[in-house]
Amino acid sequence: MTAPDMNAPIGKFAAVLSAAAAAAGLTACVGAFNPQTDPTSPVAPRVQALVDANRHYPRWADFPRATEPPEPGLIAGRVATLTTSGDDLDAAAARLEWSASGDPVAFAEAVRARVAAVAVAPVTQETAAEIEEYARSVRERGRAPPPLPRR
């Protein structure tokens with residue numbers, strides 16, 4: 001035998017080494033799956049009672065039983081129903097009147113005209129400067145008057 005035939009391939013060696021490292025890593029976490037309740041805690045009896053009561057949940061009997069797959073005819077009927085409803089949706093979309101004219105400038109002007117036609121509340125038309133001036137005047141009115149002379 002030649003030297004390469006006698007040595008294990010690097011791939012096999014790497015696989016065995018990585019499996020051993022993974023197993024070592026998993027054994028380090030085993031304690032995390034079975035935590036112990038601190039006996040000095042005032043709520044320890046209640047916590048332990050809850051843990052003990054729910055330790056075996058869920059049971060296999062609590063899971064629903066597997067059902068038989070549906071018949072191919074039933075699946076074909078469902079597919080036909082979906083296809084028909086999709087065709088109905090396409091037909092309804094085709095009947096819609098689309099308002100896009102294709103000209104973005106004309107569309108923007110139409111939108112501006114519709115927005116301008118709606119009356120705007122006066123309070124929304126105030127600028128930031130007007131709002132700041134109003135806040136300043138309210139602060140001025142809220143200032144205490146000067147003290148009276150005591151003579």
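Relevant structure appears above.
S.K.: How would you sum up the overall build of the chain? Please name residues and give values.
M.R.: Looking only at helices and strands, the chain features 6 helices and 0 strands. Listed by position from the N terminus, the elements making up the chain come as α-α-α-α-α-α. Sorting the 151 residues of the chain into buried and exposed places 1% on the buried side.

S.K.: I'd like a rundown of the pattern of salt bridges, residues and numbers included.
M.R.: Applying the stated rule across the entire model yields 3 salt bridges. Linking Arg136 and Glu133 is a salt bridge whose minimum nitrogen-to-oxygen distance equals 2.6 Å. Within this pair, Arg136 and its partner Glu133 are both found in helix 6 (residues 128–141), separated by 3 residues, close to a single helical turn. According to the relative accessible area criterion, Arg136 is partly exposed, its value standing at 39%. Here Arg143 makes a salt bridge to Glu140, at a shortest N to O gap of 3.3 Å.

S.K.: Give me the lowdown on the environment of Glu133, citing residues and values where you can.
M.R.: Accessibility expressed as a relative area gives 41% for Glu133, which makes it partly exposed. Here the side chain of Glu133 touches Arg136 through a polar contact of 2.6 Å, side chain to side chain.

S.K.: Before we move on, could you go through the packing of aromatic side chains and cite the residues and values that matter?
M.R.: Using the criterion set out here, one finds 1 aromatic pair in the structure. When the ring of Trp60 is compared with that of Phe63, the centres are 5.4 Å apart and the planes differ by 45 degrees; the resulting orientation is tilted. Look at Trp60 and you get exposed, because its relative accessible area is 76%. Judged by its relative accessible area of 42%, Phe63 falls in the partly exposed class.

S.K.: A description of a nonpolar patch on the surface should follow, citing residues and the corresponding values.
M.R.: Residues Val43, Val47 and Val51 make up a contiguous nonpolar surface patch of about 210 Å² in total accessible area. Position of Val51 relative to the elements: it lies in helix 3 (residues 44–53). The class of Val51 is partly exposed, set by a relative accessible area of 35%.

The rules behind the values
- Residues numbered from 1 in each chain as written.
- Predicted model: local features only at pLDDT ≥ 70, side-chain atom pairs only at ≥ 80, totals over all residues.
- Heavy atoms only, no water.
- Helix = DSSP H or I, 4+ residues; strand = E, 2+ residues; numbered from the N terminus.
- Buried < 20%, exposed > 50% of the residue type's maximum accessible area, 1.4 Å probe, protein only.
- Salt bridge = Lys/Arg side-chain N within 4 Å of Asp/Glu carboxyl O.
- Polar contact = N/O pair within 3.5 Å; in protein donor to acceptor, adjacent residues only side chain to side chain.
- Phe/Tyr/Trp six-rings, centres within 6.5 Å; stacked < 30°, edge-to-face > 60°.
- Patch = residues over 30% accessible without salt bridge, like charges linked within 9 Å, V, L, I, M, F, W, Y side chains within 5 Å.
- Areas by Shrake-Rupley, 256 points an atom, 1.4 Å probe, with all protein chains shown as cover.

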